[in-house]
Amino acid sequence: NIYLTTSLNDKLTASVNYSYVNIGAYDQYNDHSYNYKETGNTENQHTRMQNPGRLHFASLDLSYEIDTLNLVTASFSGYALNIDQHGEASTQMFDADGNMLYAFTQSFDEGQDYSYFNASGRLDYQHLTQLKGEALNFSYLLSASGTGNTYNSRFENLVNPQFGYTRYLFDSDQKMWEHTFQLDYTRPFGDKHKLDMGAKYIFRRNHSTSSTRQDESVPTLLDFMHRTHVGAVYGEYAFSSGPWMARAGLRYEFSRMTVDYRSGSKPFYGKNLNDLVPTLSLGYRIDDKNNLRLNFSTRINRPGISYLDPTVNQSPTELKYGNPALVSARNHSLQATYTFIHPKLTLNASAGYSFSNDQITQLIYTDGDTRHETYGNIGETRGAWFNLYAQWMPGKKTNISLNASTFYNYYGNDNFDIANSRWGVSAFARLSQELPWKLRLSLSGGRNDGGVWDLYTYARHNYFYVIGLQRSFLKDDRLTVQLFAMNPIGSKYQKWDAITRYGDYTGREISRYPQRMFQVAVSFNFGSLK
């Protein structure tokens, strides 16, 4: 990792950051056992995979102050991941009496590759006027992402197979481009009133091409294009007087969504959407240390290419595909926040409630012993949470922090007569202690709670802990050496346990991946920025 920052003539500031990570070939395991309600049969599967790969991250930030009233900023960031996947999955199917119906092994060892990239660039111009607080901002954002998935799997150790091929080849390429233009204007009126207005246009282009083939059959090709045009205008009024602060706003969005199967396999499809999105917040400053705030907001969630892509990725027991007919979903939330700030103690506590009646969620059904997985605007969701962040400094050399939350998640659908709900608790705590000889010791750990995933499944919790020791050397502490150990004692593997209890099949899936890690980090700072 390298990070550089420079400033020229107090006008231009630039920073660049680059990171590279090499991912080792560690064994990861997955076991599941599913019982199919329609047939009464049970499927058992054991998977062992290795996923070595390479990760790159880069960013560039530029800021140029033309004069005291005009500022131009530009930024770029990019992320690229490439994974070489190897391993095998052994599957067995039994009837209700425990008799084996069939079995096979699926091997992934030739041309198995997964890649992902995400890049964005942004340009902003800000103009201030002679009136304090009045500003005009123009922004342009270009973002792009892509996913490539290629594998060539072989089927071996066949026992009474229910399919007529021994090789399956899959090649998929998904791309998303998005252009965003935005204009914002802020105008204060006296000391108590302020008006914000703006307009935005978004053009999003999702494109997917895929090829699937069994043995030497003719490949099945699909060329799928999904476009979205979004136009929005908004207005927001803000009021502040003494300890009180209030904001109220309304945004109107028009969306035009089109689907085009460029291979000609299905007809063109288009849909228009109109949304009114309100926002409301109220704040009260009790004193310099204590603040209260209440917020209500609505968020529009639009499906990405991985949810829309109709490409069918299949195995002898499973078919996965997206749904091009998905539309945007509305999620409403109400949150109250209390903040306390003191040199020795900082507290931030919030409680909230959210709901949606058209949430995009996974849809799973079976045809005999074959699972179908896709998506639909079928989810009625309800959520409640309480979050607490606390930082305490009992002495100059000691820092203790806690980040904890308890939450309730609900997914329901009356048409399927399914309702899946569960409480969860997650927490992370950290102790940092300065020791003699300029040493600093850190102890941290926590609990992850998976909660409810969708209409059918919930995940159990797991724990982790990290021990760290660091020391700085040379003048101005320019050289720092850090030692870390994650879960050095206990199980070598972290376990993720998911329970499927509703729907056309029930069962359990357990994933295990390495959790023990030892790390040495060395950093060196040079130069000075004044």
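> Outline the overall build of the protein, listing residues and values.
Counting its regular elements, the protein contains 1 helix and 30 strands. Dimensions of the protein along its principal axes, counting C-alpha atoms only, are 80 × 65 × 45 Å. Taking all 530 residues of the protein together, 37% fall into the buried category. Within the protein, contacts between residues at least 6 apart in sequence are counted, and of these 61% link residues at least 24 apart. Surface accessibility of the protein: about 28800 Å² in total, with carbon and sulfur atoms responsible for 57%. A gap of 10 Å separates the mean positions of the 51 positive and 50 negative side-chain charges of the protein.

> Describe the packing of aromatic side chains, listing the residues and the values that go with them.
Centre distance and the angle of the planes are the two values used to describe a pair of aromatic rings. Going through the model one piece at a time under the given rule, you end up with 21 aromatic pairs. A ring pair is formed by Phe428 and Phe464, whose centres lie 6.2 Å apart and whose planes are at 20°; its orientation type is stacked. A residue pair is termed long-range when its members are at least 10 positions apart, and Phe428 in strand β22 (residues 418-434) and Phe464 in strand β26 (residues 462-473) qualify at 36 residues. Accessibility expressed as a relative area gives 17% for Phe464, which makes it buried.

> Describe unusual backbone geometry, with residues and values.
Of note, the phi angle at Lys438 is positive, near 60°, even though the residue is not glycine. In this structure, Lys438 sits in the loop between β22 and β23 (439-448). Since its relative accessible area comes to 44%, Lys438 is described here as partly exposed. The phi angle at Asp477 is positive, at roughly 55°, despite the residue not being glycine. By the secondary structure assignment, Asp477 is in the loop between β26 and β27 (479-486). Judged by its relative accessible area of 34%, Asp477 falls in the partly exposed class.

> I'd like a rundown of the layout of surface pockets, residues and numbers included.
Taken as a whole, the second largest pocket encloses approximately 550 Å³ of empty space. If you go around the second largest pocket, you meet 19 residues; those closest to its centre are Tyr26, Pro514, Gln515, Arg516 and Met517. Every element with two or more residues in the lining of the second largest pocket is listed here: β2 (12-23), β3 (27-36) and β29 (505-514). Considering each element in turn, the lining of the second largest pocket owes the most residues, 3 residues, to β2.

> Could you give an account of the nonpolar core, naming the residues involved and the relevant values?
Grouped together as the largest cluster of nonpolar side chains are 25 residues, with contacts concentrated most on Phe155, Tyr168, Leu455 and Tyr456. Contributing elements (two or more residues each) for this core: β3, β7 (86-94), β8 (100-128), β9 (135-159), β10 (167-189) and β19 (345-367). Sorting elements by how many residues they give to this core places β8 first, with 3 residues. Beyond its immediate stretch of four places on either side in the chain, Tyr456 contacts Gln362, Leu363, Ile364, Ile418, Asn420, Ile499, Thr500, Arg501, Tyr502 and Gly503.

> If you had to explain the side chain of Ser354 to someone new, which residues and values would you point to?
Along the chain, Ser354 turns up in strand β19. Sequence-distant contacts of Ser354, that is, excluding residues within four places in its chain, are made with Asn331, His332, Ser333, Thr381, Arg382, Gly383 and Trp385.

> Explain the pattern of salt bridges to me, using residue names and the numbers behind them.
Counting across every chain of the model gives 25 salt bridges. Measuring nitrogen to oxygen at the nearest pair gives 2.8 Å for the salt bridge that ties Lys175 to Asp173. Exposure remark for Lys175: the relative accessible area of 27% places this residue in the partly exposed category. The partner of Asp476 in a salt bridge is Arg478, with the nearest N and O atoms 3.9 Å apart. Residues joined by salt bridges that share partners form a network here, namely Glu43, Glu318, Lys320 and Arg371.

> Quick one: what's the story with the environment of Tyr114, residue by residue and with numbers?
Residue placement: Tyr114 occurs in strand β8. For Tyr114, a relative accessible area of 26% translates into the label partly exposed. The spatial distance from the C-alpha of Tyr114 to the C-alpha of Ile83 is 5.0 Å, given a sequence separation of 31 residues.

> Talk me through the pairing of strand β11 (residues 193-214); I want residue IDs and the actual numbers.
The side chains of a regular strand alternate between the sheet's two faces. As defined by bridge partners, β10 adjoins β11 across 22 bridges and the pair is classed as antiparallel. Across the sheet, residue Glu178 finds its bridge partner in β11, namely Arg204. Where β10 hands over to β11, the hairpin turn is made up of 3 residues, of which Gly190 adopts a positive phi near 70°. For β11 and strand β12 (residues 220-241), the ladder comprises 20 bridges, and the chain directions are antiparallel. Looking at the pairing, Met197 lines up with Gly235 of β12. Here β11 folds back onto β12 in antiparallel fashion, the turn holding 5 residues, of which Asp215 has a positive phi close to 50°.

> Talk me through the side chain of Ser405; I want residue IDs and the actual numbers.
Relative to the assigned elements, Ser405 resides in strand β21 (residues 398-413). Taking relative accessible area as the criterion, Ser405 reaches 19% and is therefore assigned buried. Those residues in contact with Ser405 that lie beyond four places of it in its chain are Phe386, Asn387, Gly424, Val425 and Ser426.

> Provide a residue-level description of the pairing of β22, including the pertinent values.
Relative to β22, β21 runs antiparallel, the two sharing 16 bridges. The residue bridging Gly412 from the neighbouring strand is Ala419, located in β22. Between β21 and β22, which pair antiparallel in sequence order, lie 4 residues; one of them, Asp417, sits at a positive phi of approximately 55°. Inspection of the sheet shows β22 paired to β23 by 8 bridges, in the antiparallel sense. Paired with Ala429 across the bridge in β23 is Gly445. Counting the residues that bridge the hairpin from β22 to β23 gives 4 residues, and of these Trp437 lies at a positive phi of roughly 60°.

What counts, and at which threshold
Residues numbered from 1 in each chain as written. Predicted model: local features only at pLDDT ≥ 70, side-chain atom pairs only at ≥ 80, totals over all residues. Heavy atoms only, no water. Helix = DSSP H or I, 4+ residues; strand = E, 2+ residues; numbered from the N terminus. Buried < 20%, exposed > 50% of the residue type's maximum accessible area, 1.4 Å probe, protein only. Contact = heavy atoms within 4.5 Å. Areas by Shrake-Rupley, 256 points an atom, 1.4 Å probe, with all protein chains shown as cover. Lys, Arg positive; Asp, Glu negative; His and termini not counted. Charge placed at Lys NZ, Arg CZ, Asp CG, Glu CD. Phe/Tyr/Trp six-rings, centres within 6.5 Å; stacked < 30°, edge-to-face > 60°. 1 Å grid on protein atoms, 1.4 Å probe; cavity = no way out; pocket = protein on both sides within 12 Å on 5 of 7 lines; lining within 4 Å. Points joined across faces, edges and corners; volume = space filled by probe spheres on them. Core = buried A, V, L, I, M, F, W, Y, C linked by side-chain atoms within 4.5 Å. Salt bridge = Lys/Arg side-chain N within 4 Å of Asp/Glu carboxyl O. Pairing = 2+ DSSP bridges.

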